[in-house]
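Chain residues, written in single-letter form:
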Amino acid sequence: MKRQIYYLGCLLLSCLLLPLPSAFSQTSADGELLKAIQKIKAIDNHSHALPARSPDPAESERPDPLGKAPFEYPVRLRVNNPEYLEAWRALYGYKHQDMTAGHAREALKAKLHLMEEKGTGYPSWVLDQAGIDITLVNMPSLGPGQNAPRFLWVPRADGFLFPFDGVKEMIKMLPERIDLDSLPSSLNEYVDKIRELLVQWKKAGAVAIKFAIAYRRPLDFAQVSDEEANRVFERHRQDGKPSARDYKTLQDFLFRSVAREAGRLGLAVHIHTGVGADPYFNVSGANPLLLEAMFNDVALRQTNFVIVHGGWPFEREAGVMLLKPNVYADFSAQTFLRSTEALSEVLRAWLEWYPEKILFGTDAYPEDTPLASWEEKLWLTTRTSRQALALALTRMMRAGQITRPRAEELARMVLRDNAVKLYGLEKR
Ligand SMILES: [Zn+2]
């Protein structure tokens with residue numbers, strides 16, 4: 001009996017020590033495919049890349065080199081996420097296995113030294129380290145070291161939706177030469193001004209415009225007639241104080257007008273969807289399904305839309321929208337909010353549906369934490385994306401859905417070719 005128990009124990013133990021090969025293999029990506037994916041020069045559909053700047057030597061002496069996030073971040077974004085060690089190793093030659101203040105200061109010194117040494121070449125050098133060819137930059141303007149063709153501008157267009165209280169806000173985001181110091185006398189004139197500004201942006205190199213309006217209101221942009229919009233505009237042109245309801249009506253009209261004009265000019269329209277960078281952000285108002293009526297508007301068939309962040313946690317809803325010929329989605333931000341495994345599941349579902357509409361994006365952004373800024377996030381999120389893509393495609397190959405050559409082709413489309421087509425980059 002004792003002996004039987006002993007054998008049974010050994011059997012159980014061997015089961016625990018030797019996981020079944022099939023279960024194990026399904027959790028890892030095909031090594032050769034991953035290697036091929038790592039070589040693809042990617043196009044980052046959405047980032048907030050930093051321009052070159054002079055390093056401040058005082059930075060490296062700050063008491064807390066890791067810094068503090070503005071609010072309690074989700075796990076992968078926290079400044080003490082050990083994944084950042086790997087980014088420091090790759091970018092700054094960091095040698096330590098921990099993130100103590102003394103050691104982290106070495107990483108910061110190395111970073112500042114590189115910034116000084118590379119000068120205006122620093123932003124491009126950062127892209128090179130992550131294997132990124134081109135990044136779209138959603139900032140008020142491009143800065144030193146951020147030049148086409150590697151850095152492409154995506155200005156924010158939210159100011160257009162605030163004709164009454166937002167003229168000043170709008171001006172802040174516009175090139176200085178634009179004259180808009182008072183409210184135009186009619187709604188038509190206002191839309192004409194917007195058109196002029198879009199033309200200027202396009203001339204200045206913009207490839208798309210971005211709305212982060214979900215930070216201010218839900219994304220349900222209804223169809224509003226010219227007459228109704230004009231009535232509301234006229235009613236409040238003098239007092240400048242529309243009710244919330246009237247402002248919504250006017251914004252619904254203006255959003256569609258801006259999208260139409262952008263489409264005519266060949267500028268894609270990026271829309272922030274899903275979770276926002278604020279604990280009290282209204283997530284339910286940023287569901288991409290709220291955009292459906294607007295996507296279906298026949299007047300907007302010339303406009304290409306990008307569901308930025310792929311709507312997460314509404315990634316299924318975002319994926320479904322890809323059946324509309326002029327709607328794309330990027331998975332930026334999911335690259336740092338979610339694990340590689342979770343992201344691979346999103347990608348697989350989308351890849352099985354409309355793979356030619358999926359865009360890689362990092363949403364790498366700077367902030368007041370010196371060692372978890374644009375550079376480190378870019379490196380980390382690009383690695384997560386390549387791994388998640390390899391995992392999704394490996395599982396599709398193993399399930400007999402796609403061949404190996406098709407897997408590589410799909411990876412190229414997601415990381416690069418879909419963006420080349422959408423923004424007409426082959427012509428550049
Ligand atoms: Zn962003």
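Preceding block: the structure.
Residues numbered from 1 in each chain as written. Predicted model: local features only at pLDDT ≥ 70, side-chain atom pairs only at ≥ 80, totals over all residues. Heavy atoms only, no water.

## Examining the overall build of the chain
When helices and strands are counted, the chain shows 16 helices and eight strands. Considering the chain as a whole, with its 428 residues, one finds that 53% of them fall into the buried category. Long-range contacts, defined here as pairs at least 24 residues apart, represent 75% of the contacts in the chain between residues at least 6 apart. (Helix = DSSP H or I, 4+ residues; strand = E, 2+ residues; numbered from the N terminus. Buried < 20%, exposed > 50% of the residue type's maximum accessible area, 1.4 Å probe, protein only. Contact = heavy atoms within 4.5 Å.)

## What to know about the environment of Y423
If you trace the backbone, Y423 turns up in helix α16 (residues 404-423). Of the residues examined, Y423 reaches a relative accessible area of 9% and is grouped as buried. For the pair Y423 and A268, spaced 155 residues apart in sequence, the C-alpha separation works out to 7.6 Å. Of note is the side chain of Y423, whose polar atom sits 2.4 Å from the side chain of N45. (Polar contact = N/O pair within 3.5 Å; in protein donor to acceptor, adjacent residues only side chain to side chain.)

## As for the pairing of strand β5 (residues 268-272)
Of all five residues in β5, five are buried, a share of seventy percent or more. Judged by which residues are buried, β5 turns out to be covered on both faces: A268, H270 and H272 on one side and V269 and I271 on the other are all buried. Two elements, strand β4 (residues 208-211) and β5, share four bridges in a ladder whose sense is parallel. Paired with F211 across the bridge in β5 is I271. As paired strands, β5 and strand β6 (residues 305-308) are joined by four bridges and run parallel to one another. Residue H272 lies in a different strand from β6, and its bridge partner there is V308. (Pairing = 2+ DSSP bridges.)

## Considering the layout of surface pockets
Roughly 790 Å³ of internal volume is contained in the largest pocket. Considering the residues around the largest pocket, the lining is formed by 36 residues, among which Y215, G276, A277, D363 and Y365 are closest to the centre. Broken down by element, the residue count for the lining of the largest pocket peaks at three residues, all from helix α13 (residues 334-337). When the residues that make up the lining of the largest pocket are grouped by side-chain class, the tally is 22 nonpolar, eight polar and six charged. In this structure, the second largest pocket spans a volume of roughly 260 Å³. Lining of the second largest pocket is provided by 17 residues; of these, V224, D226, F253, S257 and R260 occupy positions nearest its centre. Mapped by element, the contributors of at least two residues to the lining of the second largest pocket are α8 (187-203), α9 (226-237) and α10 (244-264). (1 Å grid on protein atoms, 1.4 Å probe; cavity = no way out; pocket = protein on both sides within 12 Å on 5 of 7 lines; lining within 4 Å. Points joined across faces, edges and corners; volume = space filled by probe spheres on them. Nonpolar A, V, L, I, M, F, W, Y, C, P; charged D, E, K, R; others polar.)

## Looking at the sheet that holds β5
An order of β4-β5-β6-β7-β8 is seen for the five strands of this open sheet, with the pairing classed as parallel. With one partner strand each, in any of the chains shown, β4 and β8 (358-359) form the two edges of the open sheet. Bridge analysis of strand β7 (residues 327-330) against β8 gives two bridges, and the strand direction is parallel. Looking across to β8, one finds that D330 is bridged to L359.

## Some thoughts on the side chain of Q334
By the secondary structure assignment, Q334 is in helix α13. Q334 gets classed as buried once you look at its relative accessible area, which sits at 1%. A polar side-chain atom of Q334 sits 3.1 Å from the main-chain carbonyl oxygen of H309. Residues within four places of Q334 in sequence aside, it is in contact with H309, G310, W312, E315, L343, V346 and W350.

## Digging into the side chain of H46
Tracing the sequence through the fold places H46 in strand β1 (residues 42-47). A residue is classified by how much of its surface remains accessible, and H46, at 2% relative accessible area, is buried. Not counting chain neighbours up to four residues away, the residues in contact with H46 comprise L136, N138, K210, V308, H309, D330, S332, G361, T362, D363 and A364.

## Let's talk about the coordination of the zinc ion
Ideal donor angles around a metal are set by the shape: a four-donor tetrahedron calls for 109.5 degrees, a six-donor octahedron for 90 or 180 degrees. Around the zinc ion, the donor atoms from the protein are H46 (NE2), H48 (NE2) and D363 (OD), and they sit 2.1 to 2.2 Å away. Written as a sequence motif, the donor residues of the zinc ion are H-x1-H-x314-D. On the criterion of sequence distance, the pair formed by H46 in strand β1 and D363 in the loop between β8 and α15 (374-398) is long-range, its members being 317 residues apart. A single burial state applies to H46 and to D363, both of which are buried. (Donors = N, O, S within 2.8 Å, 3.2 Å for Na, K, Ca; no water.)

## What to know about the pattern of salt bridges
Oppositely charged side chains are able to pair whenever their charged atoms sit close together. Considering all chains together, one arrives at 31 salt bridges under this definition. With a shortest N-O distance of 2.8 Å, E367 and K377 are connected by a salt bridge. One end of the pair, E367, is in the loop between β8 and α15; the other, K377, is in helix α15, and 10 residues separate them in sequence. Each of the two residues, E367 as well as K377, counts as buried. Beyond isolated ion pairs, a larger network of salt bridges with shared partners links D192, R195, R260, E261 and R264. (Salt bridge = Lys/Arg side-chain N within 4 Å of Asp/Glu carboxyl O.)

## A short note on the packing of aromatic side chains
In the structure shown here, the tally under the stated rule is 14 aromatic pairs. Among the aromatic residues, those joined into a cluster by ring pairs are W153, F160 and W201. One residue, K357, lies across the ring of Y354, its end atom 5.8 Å from the ring centre. We note K377 situated over the ring of Y365; from NZ or CZ to the ring centre the distance is 3.9 Å. (Phe/Tyr/Trp six-rings, centres within 6.5 Å; stacked < 30°, edge-to-face > 60°. Lys NZ or Arg CZ within 6 Å of the ring centre and 35° of its normal.)

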